[in-house]
Amino acid sequence: MPPFTGAALERALELLEGQVKYGADDEFVDDLYCVAVNERHMRSGNCVLTYQWGPQFKTHLMSPTVLRGKFGVAQLPGSGQVLDRTFKALVDCDRERCPHAEFYEDIGWVNRAPY
């Protein structure tokens, strides 16, 4: 899997490290699975960020949690870089490389999944 052994993997690991650094202390406890840990911390108000789809949002709308009425949805963050498979390097997005990107005056092109 050559695309995943260079700069792209390194950057992905840096991002994951940052998420784990600020995650729940028991996030990787063997007898718990991530949804249970996330659910508990969200209900108590100790966690305010989750990368999950509908069920998590619906649960907090319908349950008596400290987040009721304070919980929202946002588009997933994009990236200003993509993997150029020819050169095996991360390169800045532009209109041609990132057809789903949006241009921002302050940061340039930001690519996002097209859904």
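The model shown is predicted, which means the values in this text are computed figures rather than measured ones. (Residues numbered from 1 in each chain as written. Predicted model: local features only at pLDDT ≥ 70, side-chain atom pairs only at ≥ 80, totals over all residues. Heavy atoms only, no water.)

1. Examining the overall build of the protein chain
Here's step 1: When helices and strands are counted, the protein chain shows three helices and four strands.
Here's step 2: For the protein chain, the succession of helices and strands along the chain, N to C, is α-α-α-β-β-β-β.
Here's step 3: By the burial criterion, 20% of the 115 residues in the protein chain qualify as buried.
Here's step 4: Contacts in the protein chain between residues at least 24 apart in sequence constitute 24% of all its contacts with a sequence separation of at least 6.
Here's step 5: Carbon and sulfur atoms make up 58% of the accessible area of the protein chain, which amounts to about 9,100 Å² in all. (Helix = DSSP H or I, 4+ residues; strand = E, 2+ residues; numbered from the N terminus. Buried < 20%, exposed > 50% of the residue type's maximum accessible area, 1.4 Å probe, protein only. Contact = heavy atoms within 4.5 Å. Areas by Shrake-Rupley, 256 points an atom, 1.4 Å probe, with all protein chains shown as cover.)

2. Concerning the environment of R95
Here's step 1: By the secondary structure assignment, R95 is in the loop between β2 (89–92) and β3 (102–104).
Here's step 2: A C-alpha to C-alpha distance of 9.8 Å links R95 and V110, two positions 15 residues apart in sequence.

3. Looking at the nonpolar core
Here's step 1: Residues V82, V91, C93, C98, A101 and W109 constitute the largest nonpolar core, which totals six residues.
Here's step 2: C93 has contacts with S79, G80, Q81, V82, C98, W109 and N111, leaving out every residue within four places of it along the chain. (Core = buried A, V, L, I, M, F, W, Y, C linked by side-chain atoms within 4.5 Å.)

4. So, unusual backbone geometry
Here's step 1: You will see that K88, though not glycine, has its phi angle at about 50°, which is positive.
Here's step 2: Position of K88 relative to the elements: it lies in the loop between β1 (81–84) and β2.

5. Topic: the pairing of β1
Here's step 1: Pairing analysis gives four bridges linking β1 to β2, with the strands arranged antiparallel. In the strand pairing of β2, D84 is matched with A89.
Here's step 2: Following β1, the chain reverses through four residues before pairing antiparallel with β2; K88 in that reversal takes a positive phi of roughly 50°. (Pairing = 2+ DSSP bridges.)

6. Quick word on the side chain of R112
Here's step 1: Checked against the element boundaries, R112 lands in the segment after β4 (108–110).
Here's step 2: Of the side chains bearing the opposite charge, E102 lies closest to the buried R112, which forms no salt bridge; the N-O distance is 4.1 Å.
Here's step 3: A polar contact is formed between the side chain of R112 and the side chain of Q75, at a distance of 3.5 Å.
Here's step 4: Among the polar contacts made by the side chain of R112, one reaches the main-chain carbonyl oxygen of L76 at a distance of 3.4 Å.
Here's step 5: The residues contacting R112, other than those within four sequence positions of it, are Q75, L76, P77, G78, H100, E102 and Y104. (Lys, Arg positive; Asp, Glu negative; His and termini not counted. Salt bridge = Lys/Arg side-chain N within 4 Å of Asp/Glu carboxyl O. Polar contact = N/O pair within 3.5 Å; in protein donor to acceptor, adjacent residues only side chain to side chain.)

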